[in-house]
Amino acid sequence: MDLQTSALGRARQMLETQGRFPGGALPGDITESWLRSLSHGLDPLARSQRLILSEVEFNATRQTHADLIRFARPELELLYDQIAGSNFMIALGSPDGVVLDTLHDTQFAETEAGAQVIPGSVWSENLRGTNAMGVCIATGRPAQVYGGEHFLRAHGDVSCISAPIFDGAGRLAGVLDASSMSAVRQQHTAALVQMAASSIENSLIRSGHDRRIVLQFHPRPEYLGTLSMGVLVLDEDLTLHAINRRGEMFLTGFPRLLGESFDRIFEQPFAAIQQRLVEGETLRVRDRIGSAVSLRCVANRASFALARRLIPVVTEPGTAPARNLFRDVVIDDPALWQRLQALPDAAKRGAAIAITGETGTGKALIARLAHAASERSGPLVTLDGRMLAEGDFARVCLGSGTEPGLLQQAAGGTLFLDEVTDLPVVAQAALAGVLDIGEYRHPETGAVVRTDLRVVCATSAPAALSDLLPALRYRLEGFRLDLPPLRLRSDLAALAQRFARSVRPDARMTEAALARLAAHDWPGNLHELRAIVLQAMLMRPEGALEAQDFDALLPGAPARPVSSGATCCAQCAGVPWKADQCQNIRTVVARHEGNVSRAARVLGMSRTTIYKHLKDQAS
Ligand SMILES: Nc1ncnc2c1ncn2[C@@H]1O[C@H](COP(=O)(O)OP(=O)(O)OP(=O)(O)O)[C@@H](O)[C@H]1O
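The structure presented is a predicted model; accordingly, all values stated were derived computationally and were not measured.

## Notes on the layout of surface pockets
Rolled over the atoms, a probe with the dimensions of a water molecule shows which regions are left empty.
Next up, step 1: Approximately 1,100 Å³ is the volume found for the second largest pocket.
Next up, step 2: The wall of the second largest pocket is formed by 25 residues, among which Arg-70, Ser-207, Asp-210, Arg-301 and Pro-334 lie closest to the centre.
Next up, step 3: Within the residue set of the lining of the second largest pocket, elements represented by two or more residues are α4 (66–82), α9 (187–208), α14 (334–340) and α26 (596–603).
Next up, step 4: For the lining of the second largest pocket, the residue count by class is seven nonpolar, nine polar and nine charged.

This is the structure in structure tokens:
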């Protein structure tokens, strides 16, 4: 750009020589930013300084914004692919202008700008003058700063485009920036940067409120689930706790949104629609200003918790939960929850599902869920590999006399091959054949029987899967799910309480009792936990279960310090029951490699309580 002839050039020249510039010569955002830069006492001709956080400060900043970095990374990569060309970079900034993460091509990395926009560098307006990230932070709006519009002449050969990322409660959570060496206006890139910022914002809001009710809404139902949807989060008292910017747009006209109750924003009271929402329906509701939107509930812990409250537990044997799959099941372990997300879809697509995990980790239960998710009308029929003798395949599976075999019984439904790795080889070969062609010959009549089967298999010996006949193995491993042992799950407290409440709805356990359970290794996993809790309940038919109730039932000393040398804290030393509980807490923290949040979930305690017990070690 010819700085001497353009309006920008004249404004720059005045700025650099006289410290002022003509109003109206520049876009409004740039004018305001130059004025702010002047008020910060910056010199437009100053050299750009290397403003970089120390390693310690940078690590602490990254820690603070760990979620933002995690959710932004895939978006940075996508954006990088979308605007691939040459000479550009993408950066994620914190609300204070610290660059947290970058992606750039080698050409850009070699430029002066590339050498400066690096992780740890600071791009706030008060230090660097007008730049897109700084302007975006100062205004809370998307910003574009081209070449000479930068306040410092030293940044004049770069163009940058930024978009803010909000946290749903009106606070800035970060900034996304794309910089390039091109001086051409890039509206297309600006749109892509804003879309990526919205996507990060939605992920942040959703993940940050996993325990609250999250709703998606949009005037047009086909836009639900897309970037243009509104997302709103309800607190337990059904007031609006957070909302994304799209959502704010759809609800403009309300004097206040945050803190307002759902029932004052929408015409239909939440109580009247909650049942249908948790069942996954998309509803048409009208807000109190008169606009109609489609609304649906995002499946997360809160929605399942709500579902459990709303829908009575079905106890008749054989009634698989049909609409809300997770109604009776505790899956509060985030890693397991994450792994299970893809299961319903795989089941619906008809993929073969292979579940592995130690005994009692819930394989049979997940098989039932997979069957229910497949929405097939036929039944779930189990064939246990351990029970099938070598010569019995034809009789048991293909039928005998008028008795239909298991394969025919499972037609239109799901055949669950439990402990599949124990199936005799003959049965493996025969099954592979049936699955391959979808039919078999009746062993007695010779008639061809067509059978439409879906298969779910499970094994507690995953290594043995590779010993199955390849013809069968490759038919079984469409979607693989490895279930963690109970000792590595973070929802032990919730599971124990669920089992106790299946006996007595008001059953409770003391913190010490939960700590005692959490310190045990659980080789029998959920089978063992259920049995132990039920026995303890029998012995104490009233009142909260105590740690001692489990002492006689669990092997070993009440508290078994693990190799970390978990002793107890100074406050608990000397009082035996406190010391036991404290040791148990420390054991659980050590088992979870010092991760206090995980340990807190396992123990069903607050992190503050746990930190208290970790503070000073008794000598
Ligand atoms: N997430 C869960 N929430 C509540 N109960 C569960 C959960 N997972 C499993 N259970 C219960 O724990 C027990 C063991 O589960 P399941 O029988 O599914 O395990 P498995 O891995 O198939 O065991 P095995 O290897 O012995 O066949 C069952 O009573 C089951 O109902």
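Once you've had a look at it, read on.
## With respect to the site of the ligand
Next up, step 1: The full set close to the ligand counts 17 residues, and Val-330, Thr-359, Lys-363, Ala-364 and His-527 are the nearest of them.
Next up, step 2: The contact in question runs from an oxygen atom of the ligand to an N or O atom on the backbone of Gly-362, over 3.0 Å.
Next up, step 3: Side-chain polar atom of His-527 to an oxygen atom of the ligand: 2.8 Å apart, as the coordinates give it.
Next up, step 4: Its free accessible area being 630 Å², the ligand has 85% of it covered by the protein chains.
Next up, step 5: Contributions of two or more residues to the shell around the ligand are made by α16 (363–374), α21 (492–503) and α23 (525–539).
Next up, step 6: For the shell around the ligand, the per-class residue count stands at eight nonpolar, five polar and four charged.
Next up, step 7: Counting contributing residues, the shell around the ligand receives three or more from each of domain 3 (334–484) and domain 4 (487–614).

## Thoughts on the sheet that holds strand β1 (residues 88–93)
Next up, step 1: Within the open sheet, the five strands sit side by side as β2-β1-β5-β4-β3. Their pairing is antiparallel. The sheet is open, and its two borders are formed by β2 (99–104) and β3 (143–146), each paired with just one other strand. For this sheet the average axis-to-axis angle between neighbouring strands, irrespective of direction, equals 15°.
Next up, step 2: Contacts from helix α8 (residues 132–139) reach β1, β2, β3, β4 (159–166) and β5 (172–180) within the one sheet, and its direction differs from that of β4 by about 35°.
Next up, step 3: Sheet strands in contact with α9 are β3, β4 and β5, and its direction is about 25° off that of β4.

Cut-offs and rules
- Residues numbered from 1 in each chain as written.
- Predicted model: local features only at pLDDT ≥ 70, side-chain atom pairs only at ≥ 80, totals over all residues.
- Heavy atoms only, no water.
- 1 Å grid on protein atoms, 1.4 Å probe; cavity = no way out; pocket = protein on both sides within 12 Å on 5 of 7 lines; lining within 4 Å.
- Points joined across faces, edges and corners; volume = space filled by probe spheres on them.
- Helix = DSSP H or I, 4+ residues; strand = E, 2+ residues; numbered from the N terminus.
- Nonpolar A, V, L, I, M, F, W, Y, C, P; charged D, E, K, R; others polar.
- Near = heavy atom within 4 Å.
- Polar contact = N/O pair within 3.5 Å; in protein donor to acceptor, adjacent residues only side chain to side chain.
- Areas by Shrake-Rupley, 256 points an atom, 1.4 Å probe, with all protein chains shown as cover.
- Domains from an automatic or database assignment.
- Pairing = 2+ DSSP bridges.
- Axes fitted to C-alpha atoms, helices over the stretch in contact; angles between N-to-C directions.
- Contact = heavy atoms within 4.5 Å.

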